[in-house]
Amino acid sequence: LSVNLIRYGIDKGINYIDTAYVYHNGDSEGIVARALADGYRRKVRIATKSPLWKIQTADDFDRILDEQLLRLKTTCIDYYMFHGIGAAGLKKIKDLDLFTKMENAKKSGKVGHIGFSFHDDFKAFKSIIDSYDKWEFCQIQYNYMDITNQAGTEGLKYAASKGISVVVMEGLLGGRLARPPKTVSRVFHDSSIKRQAADWALQWIWNHPEVSVVLSGMNSLEQLDENIASADTSKAGSLSELELKVIDTVRGEFNKRTVIPCTKCRYCEPCPSGVNIPWNLEQYNEGIIYGDPSSSRFVYNTFINPQNRASACVSCKICEEKCPQKIKISEWMPQINAVL
C-alpha cells in the first residue's frame, strides 16, 4: 500500500519525498527505496536526516550516512539534515565537528544540500542559523496554531531573510487541524468560503512567501488527492483579509478550549523532583484543545523521560508559590498522569 501511494503521488506531481533513519522503526527509508524503483528515483528529490542522538563519534556520522545510502538504494541524498536539533544538538555538532563531516559528504557527492530539522524555541533557532554560514535549508514545525511556538513566524521570516529555504512540517499538527472539534468546525462552516479544514490549514501555510515546501503525511488516495488539489490552487499572498480573519477566529476558538492557564513563563522551574511542569501542562492542554488525547499520550509516553513526567510530582507545592497564574499544579499532576 505504501509503495502504491508514493508512486500515485509522484504520478500526480509530488517531487519531494521526506523520510528519516528512524521513521517507522527504521523501515521508512527502505520502503521509499522500493517505491522509487522502476524509474521513479529520477522523478523526485529525497530528503532524509542524520539521527544526531545516535552519533557518539564523528565516524558514526559517515557510517550512518553510508547505511542510509544503501537503504535508499541511491548514490546521493538530495537534501540531508541534522535531525530535530535544538541548542543541545548544536553543541554536539560543534563538539564532534560534524559541520566538516557534512561538508565533506557534500563534496564527495553523497549529499546534495545541507540542512537541519528543528524542535526548540526561537532563541535556539536563531543561534543555529547564525552559527553556520553554509545552511541551505531548514525544516520547521509551522501551522496556524504554532505562530509563536518553536521557530514560529519569527523563525520562518528570519531563515528566509538569510536566504535559507524553509520546509514546513506538521502543517496539520499530526492531522489534528484536519479534524477540528465542533466549536471550531462551526467557524469554518459559517464562513462564506467553503473548503475542508485541512485545505484551510494548508492554504494558510502556502500563503506565506517564505515557505518553499510543505510536508503532509497522507494515508489514503483520498487524502493524496485532497492535498494535491490544495497545492494546485495555492499561491503566496492569495488569502484575502476575510480568509485570514476566519483563521484568526478559528485559532481563538481552539485557544478557548485551554483548561490550564499556563503561559510557559517557567517561573515554576526547577522542580526539586525533576518534573518538567510546563511540558506536562502543555500536553494535557493540547489533548483537550484538539480533542485528541491519544496524540498527547504518545508524546507523554514516548518523548518525556519517566523522571520528568507528572507521575514524579510529590506535591511539595514549591512551584505553586512561584506561579503567577496561581495554578494548583500539585492538584493537576495526578490528573495529568491518569489521563496521559
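Read on for a plain summary of the structure. Keep in mind that this is a model prediction, so the values were computed, not measured. (Residues numbered from 1 in each chain as written. Predicted model: local features only at pLDDT ≥ 70, side-chain atom pairs only at ≥ 80, totals over all residues. Heavy atoms only, no water.)

### Concerning the sheet that holds strand β7 (residues 211-214)
Note: strands within a sheet are paired through backbone hydrogen bonds, in either parallel or antiparallel orientation.
Thought 1: With parallel pairing, the seven strands of this open sheet are ordered in space as β1-β2-β3-β4-β5-β6-β7. Two strands lie at the open edges of the sheet, namely β1 (16-18) and β7, each paired on one side alone. Here the average twist between neighbouring strands, direction ignored, is 30°.
Thought 2: Relative to strand β4 (residues 111-118), strand β3 (residues 77-85) is paired through six bridges, and the arrangement is parallel. Counted as the bridge partner of M81 is G115 from β4.
Thought 3: This element, helix α8 (residues 152-161), spans β5 (137-141), β6 (165-169) and β7 of the sheet and lies at about 170° to β5. (Pairing = 2+ DSSP bridges. Helix = DSSP H or I, 4+ residues; strand = E, 2+ residues; numbered from the N terminus. Axes fitted to C-alpha atoms, helices over the stretch in contact; angles between N-to-C directions. Contact = heavy atoms within 4.5 Å.)

### So, the packing of helix α1 (residues 2-11) against helix α3 (residues 28-35)
Thought 1: In contact at an axis separation of 9 Å, α1 and α3 are set at 55° when each is read in the N-to-C sense. One element, α1, and the other, α3, form an angle in the oblique class. Classified by chirality, the crossing of α3 by α1 is right-handed. Here α1 contributes S2, V3, I6 and R7 to the contact with α3, which in turn contributes I31, R34 and A35.
Thought 2: Considered class by class, the residues forming the contact of α1 with α3 number four nonpolar, one polar and two charged. (Parallel < 35°, antiparallel > 145°, perpendicular 65-115°, else oblique. Left-handed = near helix turned anticlockwise from the far one by under 90°. Nonpolar A, V, L, I, M, F, W, Y, C, P; charged D, E, K, R; others polar.)

### Details of the pattern of salt bridges
Oppositely charged side chains are able to pair whenever their charged atoms sit close together.
Thought 1: For the coordinates displayed, the defined rule picks out 22 salt bridges.
Thought 2: With a shortest N-O distance of 2.9 Å, R71 and E29 are connected by a salt bridge. Taken together, the residues R71 in helix α4 (residues 58-72) and E29 in helix α3 connect sequence positions 42 residues apart.
Thought 3: Classification of E29 by relative accessible area gives buried; the value is 0%.
Thought 4: Here R176 ties to E286 by a salt bridge, and the two come within 3.5 Å at their closest N and O atoms. (Salt bridge = Lys/Arg side-chain N within 4 Å of Asp/Glu carboxyl O. Buried < 20%, exposed > 50% of the residue type's maximum accessible area, 1.4 Å probe, protein only.)

### What to know about helix α14 (residues 293-302)
Thought 1: Every buried residue of α14 is accounted for by S296, V299 and Y300. Taken end-on, α14 shows its buried residues confined to a sector of 100°, consistent with a single buried face.
Thought 2: Check the buried side of α14 and you find it contacts α13 (277-289) and α16 (329-339). (Arc of directions from axis to C-beta.)

### Observations concerning the packing of aromatic side chains
Thought 1: Taken as a whole and judged by the stated rule, the model has 19 aromatic pairs.
Thought 2: With a centroid separation of 6.0 Å and an interplanar angle of 70°, the aromatic rings of F61 and Y80 are classed as edge-to-face. Placement of F61 in helix α4 and of Y80 in strand β3 is noted, with a sequence separation of 19 residues between them. Neither F61 nor Y80 differs from the other in exposure class; each is buried.
Thought 3: Taken together, the ring pairs in this structure connect F61, Y80, F82, F99, F116, F118, F125, Y132 and W135 into an aromatic cluster.
Thought 4: If you follow R195 out to its NZ or CZ, it ends over the ring of W200, 4.6 Å from the centre. (Phe/Tyr/Trp six-rings, centres within 6.5 Å; stacked < 30°, edge-to-face > 60°. Lys NZ or Arg CZ within 6 Å of the ring centre and 35° of its normal.)

Without other data, these values stay purely geometric and don't point to any function.
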